[in-house]
Protein chains: 2
Amino acid sequence: MTSIKIKETKALIDLLGKASAAASNKPDSIRSGIMIVAKKNEITIRAANETISVQLNAKDITEANEDLIFVVPAKLFLDMMKKLPKGEVVIIVEDKNVIILVGKSSYGISTLAIDEFPKPVAYEEGKIFQVEGPEFAQSLSAMIHACSDSETRPILTGVHIVSNGKYLTLIATDSHRLMATAVPILKETEEFKNVVVPKTSIKELTTLLTDEKEVEFSISDNQLSLKTDGVLFTTRLLEGSFPDVTKLIPTTYESEVVVHREEFLKALDRTKTALGKSGKVALFHVMEGTLPTFNIECKTEITNVFEELFIDEAGASISIKLDVYFLTDCLQSINSQKVRLQIAGTMKPMLIRPEIQGATQFGLVLPVR
Amino acid sequence: MTSIKIKETKALIDLLGKASAAASNKPDSIRSGIMIVAKKNEITIRAANETISVQLNAKDITEANEDLIFVVPAKLFLDMMKKLPKGEVVIIVEDKNVIILVGKSSYGISTLAIDEFPKPVAYEEGKIFQVEGPEFAQSLSAMIHACSDSETRPILTGVHIVSNGKYLTLIATDSHRLMATAVPILKETEEFKNVVVPKTSIKELTTLLTDEKEVEFSISDNQLSLKTDGVLFTTRLLEGSFPDVTKLIPTTYESEVVVHREEFLKALDRTKTALGKSGKVALFHVMEGTLPTFNIECKTEITNVFEELFIDEAGASISIKLDVYFLTDCLQSINSQKVRLQIAGTMKPMLIRPEIQGATQFGLVLPVR
């Protein structure tokens with residue numbers, strides 16, 4: 001009987017987890033399945049939704065006595081594999097069923113039609129760039145909150161990647177706030193712009209970049225491809241022109257202040273508690289003087305909060321009205337202990353930068369009128 | 001200015017948490033508030049919803065310079081107190097606002113009308129019984145899952161308490177399953193029956209019984225009262241007659257089997273995964289023979305599970321169809337390493353008992369036809 005012996009259950013579950021995340025959530029779609037191909041000591045797992053396609057390979061975690069190929073519902077198969085009792089795991093395919101055997105217990109799942117499963121999207125040669133996997137993953141993750149949720153301007157639901165040959169600039173904006181950062185390219189490469197990766201692809205992509213190593217991407221017409229030892233990942237790019245946001249970003253500031261990021265976040269959390277369901281906006285004040293401070297004020301029908309935050313570096317007096325939730329998102333995607341707030345004016349965007357020498361990351365939040 | 005200095009913020013938050021749980025969830029009701037009365041080094045917190053009334057007292061965790069009384073929205077006040085920045089906390093009342101001061105930051109919350117706040121329900125003298133607080137709390141908690149959710153027979157939404165003078169019998173049932181246990185009474189007392197505590201009151205009651213000590217309850221006409229050093233708790237009892245369930249409980253069994261509780265729970269979890277949204281029922285088999293086993297079988301359109309569980313003590317062959325979710329609830333409320341399953345017949349309820357000498361607790365699950 002054709003069977004796969006599982007030698008490393010944990011490694012297989014990890015692989016299934018990464019692949020399943022790329023499967024569609026629509027239970028009736030063939031795309032909610034994963035394809036598993038086993039050949040001797042090698043296993044290949046494929047998944048694809050409307051946007052991304054993933055193919056993962058591993059050696060020596062399984063042992064097949066004959067070539068085996070099947071498609072099963074991704075989430076169900078993963079859940080079952082995660083919950084198996086202790087013992088040696090063997091997978092067999094019988095008629096239209098995959099059967100997981102552990103001791104005398106058996107867990108059968110109907111297979112899906114192999115020929116209906118989408119063909120893997122091929123790696124497309126194009127403009128190449130190489131980056132540090134984990135650094136790129138972290139930079140991309142920090143962008144997601146600033147992407148738009150609205151389909152009225154679909155191009156804003158992605159992260160814009162621009163290359164000047166030496167580093168990538170990542171930008172995301174929903175037109176109320178913006179996040180940007182730069183990531184060094186490891187070998188000098190071609191310039192490009194208007195590469196916009198859907199935010200839905202980024203979560204999957206980042207889970208594939210966790211190893212400490214260089215990874216190579218290729219950008220063709222409407223596709224971003226990644227190929228490493230065990231991974232082939234492609235994502236469709238968003239069509240359209242990403243807007244020029246440089247005009248949005250102030251370059252001179254009326255006031256700057258340095259605050260402790262965690263304390264600022266906690267103060268914002270209290271502000272959110274006080275606002276409850278009656279609003280999202282608070283007033284922020286930089287106060288100069290012998291005892292310079294950074295204050296937060298908010299008022300609802302039943303609450304009235306005044307926060308005074310310790311500051312590290314004082315600035316000129318100014319007030320600005322900002323969305324507390326946008327500020328929270330931005331501060332949560334920054335890693336530094338302290339952040340520098342740069343206020344260009346009461347009616348101009350505020351910049352938030354990690355207070356770290358040489359940091360390229362920054363967030364921007366537009367004031368509320 | 002009238003003010004309360006908070007000396008033990010953590011203890012106060014704990015007290016507020018216990019009281020707030022008794023406040024109503026309806027945000028527009030005065031019952032969503034808590035009343036705070038501060039007098040020198042003493043603080044009293046009151047809350048009451050439609051069913052329960054709680055009054056908690058503590059000494060030396062606050063210091064008021066004058067007598068102070070106010071009513072504030074319970075959840076909001078608790079949330080704010082939990083999230084305060086580090087530093088000395090002082091509470092003042094100004095006009096119709098309670099203001100929490102920490103350093104130069106202030107958090108104001110509008111007060112609610114004191115005269116609209118429900119009067120505390122008085123402790124009512126009645127039939128007295130004394131029990132170990134934590135033991136009683138644990139026994140009550142284990143009942144909740146078996147209470148009915150349906151208002152078609154309101155009496156089944158509570159836990160039935162019966163006293164024979166020496167111990168209490170607790171019973172809960174939704175007519176598809178049942179949970180029962182006995183709790184020793186510390187001093188011999190009067191007999192009573194038909195005391196039915198709403199399950200919504202039990203969660204609150206159990207949080208008040210966590211200290212290792214004897215507690216005294218009083219049962220009057222339609223009220224259960226608890227009075228300890230710092231706690232006055234009352235709950236309305238459910239009206240009506242709790243059904244006689246003794247006829248439901250089999251006393252002879254066709255088959256008995258002892259299984260490992262955790263392993264049984266894990267197997268049920270796999271069964272639930274395999275059932276997905278297509279059902280809740282599985283078939284359970286006791287198989288005698290040279291290698292006696294306890295098996296679980298379930299089948300849906302896309303899955304087919306056969307589980308073989310190790311058993312400690314074999315029984316006569318029998319099969320029974322049971323609700324997997326009811327079994328899970330029952331096993332989760334039992335603490336023992338092993339459980340004894342007592343099957344009275346294919347169409348009769350199955351009993352589940354902790355495999356511990358002298359245990360009085362048992363669950364009962366009716367078969368599915």
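As named in an unreviewed UniProt entry, chain A is Beta sliding clamp, taken from Cytobacillus oceanisediminis. What the UniProt record of chain A gives under Subcellular location (unreviewed entry) is the line "Cytoplasm". What UniProt records for chain A under Sequence similarities (unreviewed entry) is the sentence "Belongs to the beta sliding clamp family."

(A) Geometry of the overall build of chain A. Regarding its fold elements, chain A presents six helices and 26 strands. Along the first, second and third principal axes, the C-alpha atoms of chain A reach 85 × 50 × 35 Å. A buried classification covers 53% of the 369 residues belonging to chain A. Contacts in chain A between residues at least 24 apart in sequence constitute 66% of all its contacts with a sequence separation of at least 6.

(B) Just unusual backbone geometry, in detail. All names here are of chain B. Residues other than glycine seldom take positive phi values, yet Asp-95 does so here, at roughly 50°. Mapped onto the elements of the fold, Asp-95 is located in the loop between strand 7 (89-94) and strand 8 (97-102). Accessibility expressed as a relative area gives 77% for Asp-95, which makes it exposed. Residue Asn-194 is not a glycine yet carries a positive backbone phi of 60°. Relative to the elements of secondary structure, Asn-194 occurs in strand 14 (residues 192-198).

(C) Region of interest: the packing of aromatic side chains. Scanning all chains against the criterion turns up 16 aromatic pairs over all chains. With centroids separated by 5.2 Å and ring planes inclined at 70°, the aromatic side chains of Phe-136 of chain B and Phe-217 of chain B adopt a geometry described as edge-to-face. In this pair, Phe-136 of chain B sits in helix 3 (residues 133-141) while Phe-217 of chain B sits in strand 15 (residues 214-220), placing the two residues 81 residues apart along the sequence. For the pair formed by Phe-136 of chain B and Phe-217 of chain B, the shared burial category is buried. Between the aromatic rings of Phe-264 of chain B and Phe-294 of chain B, the centroid separation amounts to 5.5 Å while the plane-to-plane angle is 85°, which identifies the pairing as edge-to-face. Within this pair, whereas Phe-264 of chain B is found in helix 5 (residues 261-275), its partner Phe-294 of chain B is found in strand 20 (residues 293-299), the two being separated by 30 residues in sequence. Grouping aromatic residues by their ring pairs yields a cluster made of Phe-129, Phe-136, Phe-192 and Phe-217 of chain A. The side chain of Lys-280 of chain A reaches across the aromatic face of Tyr-325 of chain A, ending 5.6 Å from its centre.

(D) View of the sheet that holds strand 2 (residues 33-39) of chain A. All names here are of chain A. Reading across from one edge, 6-2-3-4-17-16-15-10 is the order of the eight strands in this open sheet, with antiparallel pairing throughout. Two strands lie at the open edges of the sheet, namely strand 6 (68-73) and strand 10 (127-132), each paired on one side alone. Strand-to-strand twist in this sheet, taken as the mean axis angle between neighbours without regard to direction, amounts to 15°. Across five bridges, the pairing between strand 16 (residues 223-227) and strand 17 (residues 231-236) is antiparallel. Bridge assignment links Gln-223 to a residue of strand 17, and that residue is Arg-236. Strands in contact with helix 2 (residues 74-83) are strand 2 and strand 6; relative to strand 6, the strand with the most contacts, it is inclined by about 100°. Along the sheet, helix 3 (residues 133-141) contacts strand 10 and strand 15 (214-220); its crossing angle with strand 10, the most-contacted strand, is approximately 95°.

(E) Up close: the domain arrangement of chain A. Residue and element names in this part refer to chain A. The domains assigned to chain A are domain 1 (3-116), domain 2 (127-246) and domain 3 (249-365). Look at where the C-alpha atoms of domain 1 and domain 2 centre, and you get two points 29 Å apart. The interface of domain 1 with domain 2 comprises eleven residues on the first partner and 13 residues on the second. Approximately 960 Å² of surface area, both sides summed, lies buried where domain 1 meets domain 2, with 50% of it carried by carbon and sulfur atoms. Its largest share of buried area at the contact with domain 2, domain 1 owes to Lys-18, Thr-51 and Ile-52, together 50% of the area lost on that side. The interface formed by domain 1 and domain 2 includes zero salt bridges. The interface formed by domain 1 and domain 2 contains four residue pairs in polar contact (both at pLDDT 80 or more). Of all the elements, strand 4 (residues 52-59) adds the most residues to the side of domain 1 that touches domain 2, at six residues. In the side of domain 1 that touches domain 2, the residues fall into five nonpolar, four polar and two charged.

(F) Main features of the interface of chain A and chain B. Chain A puts 26 residues into the contact, and the matching count from chain B is 26 residues. Here chain A packs against chain B, burying approximately 2400 Å² in sum over the two surfaces, 53% of which is carbon and sulfur. Among the residues chain A hides against chain B, the three largest losses belong to Lys-83, Arg-270 and Thr-273 of chain A. Together they make up 24% of the total. Where Asp-269 of chain A meets Lys-83 of chain B, a salt bridge forms, and the shortest distance between an N and an O atom there is 3.4 Å. Inspection of the region where chain A meets chain B yields 18 residue pairs in polar contact (both at pLDDT 80 or more).

(G) Quick peek at the sheet that holds strand 21 (residues 303-309) of chain A. Spatial ordering of the open sheet is given by 23(A)-19(A)-20(A)-21(A)-9(B)-8(B)-7(B)-1(B)-5(B), a layout of nine strands whose pairing is antiparallel. Either end of the sheet is taken by a strand with one partner, and the two such strands are strand 23 (318-323) of chain A together with strand 5 (62-64) of chain B. Each strand of the sheet is rotated relative to its neighbour by a mean of 20°, with strand direction disregarded. Note that strand 1 (residues 3-6) of chain B and strand 7 of chain B share four bridges and pair antiparallel. Of the residues in strand 7 of chain B, the one forming a bridge with Ile-4 of chain B is Ile-91 of chain B. Here helix 6 (residues 324-332) of chain A sits on the sheet in contact with strand 19 (281-287) and strand 23 of chain A, set at roughly 85° to strand 23 of chain A.

(H) The arrangement of the environment of Glu-8 of chain A in detail. Residue and element names in this part refer to chain A. Positionally, Glu-8 belongs in the loop between strand 1 (3-6) and helix 1 (9-20). Separated by 80 residues in the primary sequence, Glu-8 and Glu-88 place their C-alpha atoms 9.8 Å from one another. Discounting chain neighbours no more than four positions away, the residues touching Glu-8 are Asp-60 and Ile-61.

(I) Quick peek at the pairing of strand 13 (residues 177-184) of chain A. Residue and element names in this part refer to chain A. Of all eight residues in strand 13, six are buried, a share of seventy percent or more. Of the strand pairs in this sheet, strand 12 (residues 167-173) and strand 13 are connected by seven bridges, and their pairing is antiparallel. If you follow Tyr-167 over to strand 13, its bridge partner there is Pro-184. From the end of strand 12 to the start of strand 13, which pair antiparallel, there are three residues, and Ser-175 there has a positive phi angle of about 80°. In terms of strand pairing, strand 13 meets strand 26 (residues 362-365) through four bridges, oriented antiparallel. If you follow Arg-177 over to strand 26, its bridge partner there is Val-365.

Calculation rules
- Every chain begins its residue count from 1, and numbering advances along the sequence as written.
- Chains and ligands are labelled by the order in which they are written, letters from A for the one and numbers from 1 for the other.
- Totals for whole chains, interfaces and linings use all residues, but because this is a predicted model, local features are given only for residues with pLDDT of at least 70 and pairs of side-chain atoms are given and counted only at 80 or more.
- In computing side-chain values, all of the structure's heavy atoms are included and hydrogens and water are not.
- UniProt positions are given in the numbering used here, feature names are shortened, and annotations may be inferred rather than shown by experiment.
- Numbering of helices and strands starts at the N terminus; helices are DSSP runs of H or I of at least 4 residues and strands are runs of E of at least 2.
- Classification of residues uses two cut-offs on accessible area relative to the type maximum, computed with a 1.4 Å probe and protein chains only: under 20% is buried, over 50% is exposed, and between them is partly exposed.
- By definition in these notes, contact holds between two residues if any of their heavy atoms fall within 4.5 Å.
- Each pair of aromatic rings taken from Phe, Tyr and Trp, with Trp reduced to its six-membered ring, is defined by centres within 6.5 Å and is described as stacked if the planes are under 30 degrees apart, edge-to-face if over 60, and tilted in the remaining cases.
- Working rule: Lys NZ or Arg CZ, within 6 Å of ring centre, within 35 degrees of ring normal, means a charge sits over the ring.
- Two strands are counted as paired when DSSP detects at least two bridges linking them.
- Where helices are involved, their axes are fitted lines through C-alpha atoms of the stretch in contact, as for all axes, and angles between N-to-C directions lie from 0 to 180°.
- Just so you know, the domain bounds were taken from an automatic or database domain assignment.
- What gets called buried area is simply the loss in accessible area from a 1.4 Å probe that two parts show on being joined, summed for both.
- The term salt bridge refers to a side-chain nitrogen of Lys or Arg lying within 4 Å of a carboxyl oxygen of Asp or Glu.
- In protein, a polar contact means a hydrogen-donor-capable atom and an acceptor-capable atom, both N or O and within 3.5 Å, with residues adjacent in sequence counting only if both atoms are side-chain atoms; elsewhere, any N or O pair within 3.5 Å suffices.
- Residues are grouped as follows: nonpolar covers Ala, Val, Leu, Ile, Met, Phe, Trp, Tyr, Cys and Pro; charged covers Asp, Glu, Lys and Arg; every other residue, Gly included, is treated as polar.

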